[in-house]
Amino acid sequence: MDSPANEMTPKKHPARLGLKPWALLVLGVLVSLGISYAAYTLAGYSWSQVVDYKSPFTSMPTDTFTGKRPPLSIAVPDATPRRVVLVLIDGLTDAASRTMPSINALRKRGNDVALTVPQPSLSYPAWTTILTGAPPNVSGVTTNWYEQRVAVESLFDVAAGSGRSLVVAGPTDLDTLFGVSTIATATALTDWPEGGYITNTIVDDAIRLADENAADFIFALFPDVDEAGHGYGAGSKEYADVVAKVDADLERLIEGVDDGETVFVVLPDHGHVATGGHGGWEDPVIHTSATFAGPGVKGGSSTALLQDIAPTIAVLAGMQAPQYAAGLAVDALLADPNGRAKDADFVRAIGFDLAYARTLNGQAAIKDISSLGSASDLAQVTADAEAARLKADRADRLPMALGLSLAALAILGVIGVASWRALVAALAGSAAYLVVYNALFFLVHRFAWSLSAFNEESQVQAFFNGRMIEAVIAGLIGCLVAGEIYLLFRPAAKGTRHGFTPGWLSLGVATALAIQSILGLQVAWFLWQWGAKTVWRLPDLRWGFKYDLDLIQMTALAGVAILGPLFTYLVGRFHPRMAKP
Ligand SMILES: [Zn+2]
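Residue numbers run consecutively from 1 along every chain, following the written order of its sequence. Confidence filtering applies because this is a predicted model: local features only for residues at pLDDT of at least 70, side-chain atom pairs given and counted only at 80 or more, and all residues used for totals across whole chains, interfaces and linings. Side-chain metrics rest on all non-hydrogen atoms present in the structure, leaving aside hydrogens and water.

Core analysis: the largest hydrophobic core is formed by 138 residues, its most contacted members being Phe156, Phe219, Leu267, Phe292, Ile309 and Ile313. If you tally residues by element for this core, the top one is helix α19 (residues 501-529), at 13 residues. Looking at this core, you find at least three residues from each of domain 1 (81-338) and domain 2 (398-579). Filtering out sequence-adjacent residues up to four positions away, Ile309 remains in contact with Leu115, Ile130, Leu267, Ala290 and Phe292. Definition used in this section: a nonpolar core is a set of buried Ala, Val, Leu, Ile, Met, Phe, Trp, Tyr and Cys residues joined via side-chain atoms within 4.5 Å. With a 1.4 Å probe rolled over the protein chains alone, any residue whose accessible area is under 20% of its type maximum counts as buried; one over 50% counts as exposed, and the rest are partly exposed. Membership of the second largest hydrophobic core comes to 36 residues, among which are Ala96, Ala215, Ile218 and Tyr239. Every helix listed is a DSSP run of H or I at least four residues long, and every strand listed is a run of E at least two residues long, numbered separately from the N terminus. The domain boundaries here were taken from an automatic or database domain assignment. Whether two residues are in contact is decided by their heavy atoms: any pair within 4.5 Å suffices.

Right, here's the structure in full:
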C-alpha cells in the first residue's frame, strides 16, 4: 500500500517508483475480493446450518436415546382419561388475548399461564414445540421451510396410540408436519388462507367432527390472526377486528364441544411486533399466554416454557407425554397428579434429560447424579451439560478465532506500515462507515438484530440485498471521509495531478480493507462464541443475525474496494487544496 505522498518509497531506487504503488493497489483489491468471497461462502454455510439443521437427537434410534417405555396402548395406571380440546391461535399476542371474552372466561375458571417461546419464534418450530414438547434443537424444525414429517413423536401420535378418538381441524400444513390424516380418527384440512377468513370453517369442521366421532382429543388451529398480524401489524385496527372475529368463533367452538368434563387449552405459537412480524426475541413475540381450564386444572396463574405444554396436556389427558419432550408438566396448574400420569411424566423427563445431557457432554455429564427429585434438579442437569459442552467447544474454536483476528489485524498492520496516515484515514473512514450503516439500519429503518425484521419470508432476499446496497453507500461515504482525514494529517499532500494517482486510489482500497477487517474481528468473536457449524443447539439467534449481517456487509464491501478508489481519487483530484498549482 503506497501513501498518497509516497512516503515509504525508497529514494534510492527511483526506477521502482512507478510499478510498486500500482502492484500494491492491485494486491489490495484482490485481498478485498478474496475476503468478500470467503464471507459470502461463510454466510451461506452458516445460514444453511440453521435452516437445514440436522438434529443429532433424532438421528439416533429412539430407544438408544431415551430408552424403552411402556407401549402407548397400556393405560397410565389410575389415570382418568380426560377429554381435551386444544386450540392454537397462530400469532395471537398476550395483549390481544386479553381483549377476548372467550379466553377471559376460561381464565376466570382456569389457569392463566405466562408462556415463553423458544427461538426462532416462527410458526412451524413453535407448533412443533407445542405439539411434541421438543424445542427446535431437538425436533430439528428450525424454520417454516421445514416441509416434511417431523421426526419426533407428537401429542397426535400419543393420543391415537393411546386409543383416543382424535379429530384435527386446521390448515393442510398439519398433514405435512404431523401426518394427521393418517393418524387421526378424522381430519378437516384447509389450505392456508390468502386474504380469506377460514377460522369459521375450521370451527364448523371441529364441532362436526367431534360430534360425528365422539372425539376425546380435539385439535384446532386458527391461522387468521397471524395473517392479520403480517398484513397490518399487531397494533392495527385490522388485527383487532380479526381477533374479535376469532373470539366469536372460539366462543362457538367452546359452546359446541363443552360437555362440562372437557379440558380446554388455548394458546398461540408466538405473538407479533406492533408493526407485524415475528421470528425474533421481542417481548410481545416471545412472551405470550396460554389458558387452561376444566377438570384437573388448578385455578390461578403460573409460568411455563412452550416445551412444557405437551407434557402438561398429557398429564391432564391421562396419557404418556411425547417421547422427545424436553419440558415437564407444569405443577402449578395441576389440581391433581391424575393417577400415575404426573409420575410417569417425571420418570420420562428424567430419562430424556439424562440422555440429552449424555448426548451433549458424554458419560461424564451424568456421572455425579445421585438423586433427581424435582423439576429444578432436572433443569440443572441439562444446564450443566449444555454449559460444559459450550465451554469445551469454545476452547476448541479459540485458536481458529484468534487466527482470524490476527489476520484482520495483520491487514490493518500492513496498511499502517505502508503509511500510518493512510491507516488513520482508513480507520476514520471505517468509523464513518459504521455510523452511516448503523444509522440507516437502526434509526432510519428501525430494524433490530432479529428475525422479526422481515415480516414475510418473501422479504428475506430483498432485506439482505438492501443491507448490501447500504453497505456500499456507507463504504463510499467512508472513502470520502478517509480522503478528508488524510489531508488533515498531511497538509502538504500532493494530488493526482502531481503523480500520486496510485496513492490516492489506494486510500479507497485501504478503507474497504479496514472496514472488512473491523467486521472480521466481530465475526471472529461470534465464531468463537457459537461456531459456524450448528451441531447440538442453535446459536444465539440475536448474535447470529448480527453475524450474518456482518458477513453480508463484508461481501458487499468488495464493491467499495472497486468503486472506493474512484472516490478517493476524486478527493485527490478536485479537493480545493489540490486546485493550487
Ligand atoms: Zn406468522
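From this point on, the discussion continues.
As a further point, take the domain arrangement of the chain. When its domains are assigned, the chain resolves into domain 1 (81-338) and domain 2 (398-579). Here domain 1 and domain 2 have C-alpha centroids that lie 45 Å from each other. Put simply, buried area is the surface a 1.4 Å probe can reach on two separate parts but cannot reach once they are joined, added for both. Both faces combined, the contact of domain 1 with domain 2 buries some 1,200 Å², and carbon together with sulfur accounts for 55% of it. Whenever a carboxyl oxygen of Asp or Glu lies within 4 Å of a side-chain nitrogen of Lys or Arg, that contact is scored as a salt bridge. For the interface between domain 1 and domain 2, the tally reads 0 salt bridges. By the criterion applied in these results, polar contacts are pairs of N or O atoms within 3.5 Å in which, for protein atoms, one can donate a hydrogen and the other can accept it, and in which residues neighboring in sequence qualify only through two side-chain atoms. On the surface where domain 1 and domain 2 come into contact, there are 7 residue pairs in polar contact (both at pLDDT 80 or more). Lys, Arg, Asp and Glu make up the charged group, whereas Ala, Val, Leu, Ile, Met, Phe, Trp, Tyr, Cys and Pro make up the nonpolar group; the residues left over, Gly among them, are polar. Its residues placed into classes, the side of domain 1 that touches domain 2 shows 6 nonpolar, 10 polar and 1 charged.

Further remarks concern the coordination of the zinc ion. Distances decide who is a donor: an N, O or S atom must be within 2.8 Å of the metal, or within 3.2 Å for Na, K and Ca. Water is not included, so sites may look incomplete. Only Asp226 (OD), Asp226 (OD), His230 (NE2) and His278 (NE2) from the protein reach the zinc ion as donors, at distances of 2.1 to 2.5 Å. Taken together, the 4 donor atoms coordinating the zinc ion and their angles of 55 to 151 degrees define a geometry best described as irregular. Mapped onto the sequence, the residues coordinating the zinc ion show the spacing D-x3-H-x47-H. Here His230 is found in helix α11 (residues 224-232), whereas its partner His278 is found in the loop between β6 (262-267) and α13 (283-286), with 48 residues between them in sequence. When sorted by exposure, His230 lands in the same class as His278, which is buried. Sites are called tetrahedral only when four donors show all angles between 85 and 135 degrees, square planar or octahedral only when four or six donors show opposite pairs over 155 degrees and all other angles between 65 and 115, and irregular in any remaining case.

Closest axis-to-axis distance for the helix α1 (residues 19-51)/helix α20 (residues 541-556) pair is 7 Å, and the angle between their directions is 150 degrees. Our classification of the angle between α1 and α20 gives roughly antiparallel. Helix-helix and strand crossings are classified by hand; for α1 and α20 the assignment is left-handed. Within the contact between the two elements, α1 uses Ile35, Ser36, Ala39, Tyr40, Leu42, Ala43, Ser46 and Trp47 and α20 uses Tyr547, Asp548, Leu551, Met554 and Thr555. Partitioned by chemical class, the residues of the contact of α1 with α20 number 9 nonpolar, 3 polar and 1 charged. Note on definitions: angles span 0 to 180 degrees between N-to-C directions of axes, and those axes are lines fitted to C-alpha atoms, for helices only across the stretch in contact. Any angle that is under 35 degrees is reported as roughly parallel, and any over 145 degrees as roughly antiparallel; angles of 65 to 115 degrees are reported as roughly perpendicular and all others as oblique. In this scheme the crossing of two helices becomes right-handed for a clockwise turn of the near helix relative to the far one and left-handed for an anticlockwise turn of less than a right angle.

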